[in-house]
Amino acid sequence: MFSKILKISIPLLLIGIILIIVYNTYQKTQDTIASPITIIPTNASVIIQLNDVKNISRSLKLYDICNKLQHIKQFKVMTQQADQLSKLFIKNQDVFTVNNLFVSFHKVSPKKSATLFSTNFKRESVIENKEIVYLFDNDITTSKYDNKTIYYSKSLNKYFSFKDNILFYSSNKMLLTDAIRTSNKETNDLFANSLFSECYKTTRKSADINLMINYNSLFSVSDIFLNYHHKITRFSDWAATDLEIKDDAILASGLSSLSGFTDNFIDIFSNQKSQKINIINVIPENTTHLFAISFNNPQKFFNKKNKLLLNKKKHFNWNKYIKWIEEKKNVNYYEFIDEIHNEAGIFNTSSNLSAENIYTYFNTKESIRANSFLQNIITYTEEYKGFRINKIIDKNIVSNLFGELFKTNNPFFTTINDYFIFGNSISSIEYIIDNYTSKKNLANSVSFKNAKSYVSKDANIFLYLNTGKTSNALKNKLIDPDLFIHSPDSINKFTAFTLQINNSKNGMLHNLCLF
């Protein structure tokens, strides 16, 4: 009996020893390969993690949607860079064994942005760091910053530096020195931010590309390029997604974590169940832009929205106006919010996204009762095709109820199927009524029908932008229109860009799509 046990035990013991050795070897390998994220400055707005650099150039040429994007000058430049990097990694596979590359975008001054590239390399394959730089260019000069060597290539206009087995480089020296400071042990990196680290660990490294977005930083960077000041601040922190390229679409899906505080607009949706976006059955078929929200508890939404205003130090002026409405007109918004059902939003019906074509809306449980509640702030009424068009004192009622993102100058409204729809003139409201009575709504439009295969029916936050129709308008909003040089015929083939954000048990689920 003992000999039989011994015969079984010895192989099992040997297998156990082998597994322990393999695991320890793996752990040591993992410990020696630090993530390039540890050197990326924390003000990054977007981080693209390429997990198969050697094949990225070939992949970008395979898909029809990427070929369409080649007609945009900036995308064509990015593709050329990807091709150069693919060739570099393939040629030096003994050095770049990990085959990943991180590309991060940063705001480096009020009027300037820059890009940082970072990757791992096999330290055992090189004696000195300059050998790695020589793979890019032989003609280099050096300088020192914070006891680190900076290598500069004049012909490439790039600055290079190192942290252990991490190579990072940029055309902007200020960004490179920020990365050097971030690489110091005494400095907090992105992993110190739980909102980043929690969502990042949910990404699939088997995906060809991971896309991390800090919406707040992205909106801040956009100020550099836009010829107008947008009103989007504190929308959302980090979201980490897996990106998939299909022949006719680019899809990204992933999570963001909630902080437990009301610091951003997205935090208002904590514990709010998403609803079906039914406004698409009411608004015109030529709607080019829609930003819709849904919720199942309007009172909690209203209270959290007010808390966000308080945190942004904007509650005082808002509350002063709300009190004036209550004291002078006997309309209490704290009570009126109970008349709200589950949707609100803003949309535009023009290809040039003009202010004259901006509408706002919310839906109510019962429009007749809600209308009677607002009678004291309605100053004018007329009939049009069986619908009432009213003028209201509070031209920003949607914003006052649901937040700054809906701020407009819309004093006129009508009600359709319990939806209150606000516009800036009587004629603008008549336009909504004409399209509705003709059954020309967004849900029936060809472009939106194409979108349905990529979007779900319900969402807490839903953004729809008809990119084909609005490309020229987007270009005209740039300080330097040359940044968006494109072939109009090619861009017109794009149907839309959509963003959906839904509350889930694991955080907020983000789905982005360009098709």
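Residues numbered from 1 in each chain as written. Predicted model: local features only at pLDDT ≥ 70, side-chain atom pairs only at ≥ 80, totals over all residues. Heavy atoms only, no water.

1. What about the pairing of strand β8 (residues 209-214)?
With 6 of 6 residues buried, β8 is to be regarded as a mostly interior element. Residues Ile 209, Leu 211 and Ile 213 point to one face of β8 and Asn 210, Met 212 and Asn 214 to the other, with burial holding for every one of them. Note that strand β1 (residues 46-50) and β8 share 5 bridges and pair antiparallel. Paired with Ile 48 across the two strands is Leu 211, which belongs to β8. Two elements, β8 and strand β9 (residues 238-245), share 6 bridges in a ladder whose sense is antiparallel. The partner of Leu 211 across the bridge, within β9, is Thr 241. (Buried < 20%, exposed > 50% of the residue type's maximum accessible area, 1.4 Å probe, protein only. Helix = DSSP H or I, 4+ residues; strand = E, 2+ residues; numbered from the N terminus. Pairing = 2+ DSSP bridges.)

2. A closer look at the packing of helix α2 (residues 53-62) against helix α4 (residues 73-91)
As a packed pair, α2 and α4 sit with axes 7 Å apart at the nearest point and diverge in direction by 140°. In this view, α2 runs oblique relative to α4, as classed from their interaxial angle. As α2 packs across α4, the resulting crossing turns out to be left-handed. Residue-level inspection shows Val 53, Lys 54, Asn 55, Ile 56, Ser 57, Leu 60 and Lys 61 of α2 in contact with α4, the latter providing Thr 79, Ala 82, Asp 83, Leu 85, Ser 86, Phe 89 and Ile 90. Each residue belonging to the contact of α2 with α4 can be placed in one class, and the counts come to 7 nonpolar, 4 polar and 3 charged. (Axes fitted to C-alpha atoms, helices over the stretch in contact; angles between N-to-C directions. Parallel < 35°, antiparallel > 145°, perpendicular 65-115°, else oblique. Left-handed = near helix turned anticlockwise from the far one by under 90°. Contact = heavy atoms within 4.5 Å. Nonpolar A, V, L, I, M, F, W, Y, C, P; charged D, E, K, R; others polar.)

3. Considering the pattern of salt bridges
Summed over all chains, the structure comprises 11 salt bridges. The shortest N-O distance in the salt bridge between Asp 242 and Arg 204 comes to 3.5 Å. With Asp 242 in strand β9 and Arg 204 in the loop between α7 (194-200) and β8, this residue pair connects regions lying 38 residues apart in the sequence. Look at Asp 242 and you get buried, because its relative accessible area is 14%. The residue Glu 404 makes a salt bridge to Lys 314 at a minimum N-O spacing of 2.8 Å. Here Glu 404, found in the loop between α13 (397-402) and β17 (412-416), pairs with Lys 314, found in the loop between α9 (298-311) and α10 (315-329); they are 90 residues apart in sequence, far enough to count as distant. Judged by its relative accessible area of 37%, Lys 314 falls in the partly exposed class. Sharing partners across several salt bridges, the network here consists of Lys 61, Asp 83 and Lys 87. (Salt bridge = Lys/Arg side-chain N within 4 Å of Asp/Glu carboxyl O.)

4. Some points on a positive patch on the surface
A cluster of basic side chains, namely Lys 276, Lys 449, Lys 452 and Lys 457, defines a positive patch on the protein surface. Topologically, Lys 457 is positioned in the loop between α15 (446-451) and β19 (458-459). (Patch = residues over 30% accessible without salt bridge, like charges linked within 9 Å, V, L, I, M, F, W, Y side chains within 5 Å. Areas by Shrake-Rupley, 256 points an atom, 1.4 Å probe, with all protein chains shown as cover. Lys, Arg positive; Asp, Glu negative; His and termini not counted. Charge placed at Lys NZ, Arg CZ, Asp CG, Glu CD.)

5. Digging into the packing of aromatic side chains
Overall, the coordinates contain 40 aromatic pairs when judged by the stated rule. Lys 205 extends its terminal NZ or CZ atom over the ring of Tyr 200, reaching a point 4.4 Å from the ring centre. (Phe/Tyr/Trp six-rings, centres within 6.5 Å; stacked < 30°, edge-to-face > 60°. Lys NZ or Arg CZ within 6 Å of the ring centre and 35° of its normal.)

6. Things to note about α2
All of the buried residues along α2 are Val 53, Lys 54, Ile 56, Ser 57, Ser 59 and Leu 60. Taken together, the buried residues of α2 touch β1, α3 (64-69), α4, β2 (101-109), β8 and β9.

7. Examining the environment of Thr 187
Turning to its location among the elements, Thr 187 is positioned in the loop between α6 (173-183) and α7. Apart from the residues within four sequence positions on either side, Thr 187 is in contact with Arg 181 and Thr 182.

8. Things to note about unusual backbone geometry
Its identity is not glycine, yet Asn 330 carries a phi of approximately 60°, on the positive side. Of note in the backbone geometry, Asp 418 takes a positive phi value of approximately 70° without being a glycine. Tracing the backbone through its elements, the reader meets Asp 418 in the loop between β17 and β18 (419-423). With a relative accessible area of 26%, Asp 418 lands in the partly exposed category.

9. What about the confidence of the model for the protein chain?
On average, the protein chain scores 91 in pLDDT, and the residues at 70 or more come to 92%. Low confidence marks residues 25-31, where pLDDT is under 50. Its contacts with residues over four positions away, or in another chain, come to 0 contacts. (pLDDT = per-residue confidence, 0-100.)

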